[in-house]
Amino acid sequence: MIILVINAGSSSVKFTLFDMKDDKKVLATGLIERIGIEGTSMKYSNWKGEKSQGSVDVKNPKEAVKVISERLVDTKYGVIGALSEIKAVGHRIVHGGEKVNRPVRVTEEVKGILKDCFSMSPLHNPHNLAGIEACEGVLKGVPNVGVFDTAFHSTMPPRTFLYGIPYELYTKDQIRRYGFHGTSHAYVSRAAARFDGRPIEDLRIVSAHLGNGASITAVKGGKSYDTSMGLTPLEGVIMGTRSGDIDPAVIFHIMKIKGLSYQEVDNLLNKQSGVLGLAGIGSSDLRDIEEAANKGNKQCAQALDIYAYRIRKYIGAYLVALGGLDILVFTAGAGENSNTLRAAILEGLDGLGFKLDRARNDVRSSDIRVISTDDSPYKIMVVPTNEELAIAEFTSEVLAS
Ligand code: AMP
């Protein structure tokens, strides 16, 4: 079964075409970026190793999906004979609010739910919806499935999702913790359990998704029990450019002393904070910050220390929340690739049950692997995330049901 996965953002549309019957093979993948701005371009590669890159005339998501579709069937780079071979399109959708608790086939009602969440996810949901409508227009009759970042966290109990604010703000205005990166947390926790050979229902897993955005999730018996991101992705650990947890009064104080508007503070906390703001070298990429720290930049070393410490605190909190731990999972850009970050997070915790095997931790690999010692009470694993594949799998599950 051939499934197209679409991730439509503010100015880009990413796509991957999977053949689920042929070992979930990636037939083609790529993206169109700078949509609606000067210099729109497309990158494309297929399973035969053929690649193309160049400018395209694309002004909106519908034109993007049209160009992608044409490329998938063209005689030079194409990988399928006809678009009718695509059995479904799986869409990454950020916010589904409280009404969506699993991947679903997109209907008018689902689109309405997605719209209702615009105010909570103004930077993503409108573009996700545009991606769906583009596919409806171009790939007529092909079912669309929505895979929501928030859905995996719908199992959280009130004790973890309610904030200590007036209850009506929840009942009337739906203000609560929703959590994000759910597709990734679901995928890596399932993969970790499978690799470990134990049923996920028996496991307590802490999943640390450490990419440019970062979140930690406590997974109990395969279900999300608590997660560090909240109403929006701003809460939780320190990220590339987001502050993560701060005293909310800092916001009022900054507004007062700097005369900033709420949009300006929103921008400051989402786009200018995190390790970007702490390190002060104009980059949010941990590789640049690690390199500067290695060359003696003390502010960068301090930023990395704060970043690792905040993650360590969440891992400790979730270990207690879960009443113990079976597997700690590291995933996403930094979680998968930075041995120094993983070592910093777990430094000195051998006696507490996190026995990191230095040699295993230092191995660079794109495979799922255990990096704890054989006698470590808690198993520590690196599990490469694959949100596109997870979306394709969920999409075929929805079609089959
Ligand atoms: P993602 O959002 O999962 O694509 O992750 C991207 C981020 O992962 C980058 O901005 C880097 O901060 C981080 N990253 C990727 N590779 C490495 C690495 N080898 N060492 C440290 N950080 C890395």
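Look above for the structure.
Residues numbered from 1 in each chain as written. Predicted model: local features only at pLDDT ≥ 70, side-chain atom pairs only at ≥ 80, totals over all residues. Heavy atoms only, no water.

Chemist: Would you take a moment to explain the overall build of the protein chain for this structure?
Modeler: A tally of regular secondary structure across the protein chain gives 15 helices and 14 strands. A compact globule built from 401 residues should have a C-alpha radius of gyration of about 21 Å, and the protein chain, at 21 Å, falls within 12% of that. For the protein chain, the residues scored as buried account for 51% of the 401 residues in total. Excluding contacts between residues fewer than 6 apart, the proportion of contacts in the protein chain whose partners are at least 24 apart in sequence is 61%. Accessible area for the protein chain stands at about 18,600 Å²; split by element, carbon and sulfur atoms hold 52% of it. (Helix = DSSP H or I, 4+ residues; strand = E, 2+ residues; numbered from the N terminus. Rg over C-alpha atoms; globule rule 2.2 N^0.38 Å. Buried < 20%, exposed > 50% of the residue type's maximum accessible area, 1.4 Å probe, protein only. Contact = heavy atoms within 4.5 Å. Areas by Shrake-Rupley, 256 points an atom, 1.4 Å probe, with all protein chains shown as cover.)

Chemist: Which parts of the structure should I look at to understand the nonpolar core?
Modeler: Soluble globular proteins tend to bury their nonpolar side chains together. Judged by nonpolar contacts, the single largest core of 45 residues is most densely connected at Leu210 and Phe354. Contact partners of Phe354, with chain neighbours within four places excluded, come to Ile315, Leu319, Leu325, Leu328, Leu346, Leu349, Ser376, Tyr378 and Ile380. Residues Ile2, Ile32, Ala64 and Leu139 belong to the second largest nonpolar core, which totals 29 residues. (Core = buried A, V, L, I, M, F, W, Y, C linked by side-chain atoms within 4.5 Å.)

Chemist: What is the right way to read the site of the ligand from this model?
Modeler: In the neighbourhood of the ligand, the contacting residues comprise Gly211, Asn212, Asp285, Leu286, Arg287, Ala332, Gly333, Ala334, Asn337 and Ser338. One nitrogen or oxygen atom from the main chain of Leu286 is found 2.9 Å from an oxygen atom belonging to the ligand. A distance of 3.3 Å separates an oxygen atom of the ligand from a polar backbone atom of Ala334. Listing elements by their share of the shell around the ligand, those giving two or more residues are helix H10 (286-294) and helix H12 (332-337). Here the element with the most residues in the shell around the ligand is H12; it accounts for four residues. Residue composition of the shell around the ligand, grouped by class: three nonpolar, five polar and two charged. (Near = heavy atom within 4 Å. Polar contact = N/O pair within 3.5 Å; in protein donor to acceptor, adjacent residues only side chain to side chain. Nonpolar A, V, L, I, M, F, W, Y, C, P; charged D, E, K, R; others polar.)

Chemist: Where do I start with the pattern of salt bridges in this structure?
Modeler: Pairs can form between side chains of opposite charge once their charged atoms are near each other. Summed over the entire model, instances satisfying the criterion amount to 23 salt bridges. Measuring nitrogen to oxygen at the nearest pair gives 2.5 Å for the salt bridge that ties Asp196 to Arg198. Classification of Arg198 as partly exposed rests on a relative accessible area of 35%. We note a salt bridge from Asp196 to Lys379, for which the minimum N-O separation is 2.6 Å. (Salt bridge = Lys/Arg side-chain N within 4 Å of Asp/Glu carboxyl O.)

Chemist: How should I be thinking about the sheet that holds strand S4 (residues 41-46) in this particular structure?
Modeler: Think of a sheet as strands paired side by side through backbone hydrogen bonds, with each pair either parallel or antiparallel. Taken in spatial order, the eight strands of this open sheet run S5-S4-S3-S2-S1-S6-S8-S7, and their pairing is mixed. Whereas interior strands pair on both sides, the edge strands pair on one side only; in this sheet they are strand S5 (51-55) and strand S7 (104-105). Across five bridges, the pairing between strand S6 (residues 86-93) and strand S8 (residues 144-148) is parallel. Residue pairing in the sheet places His91 in a bridge with Gly146 of S8. (Pairing = 2+ DSSP bridges.)

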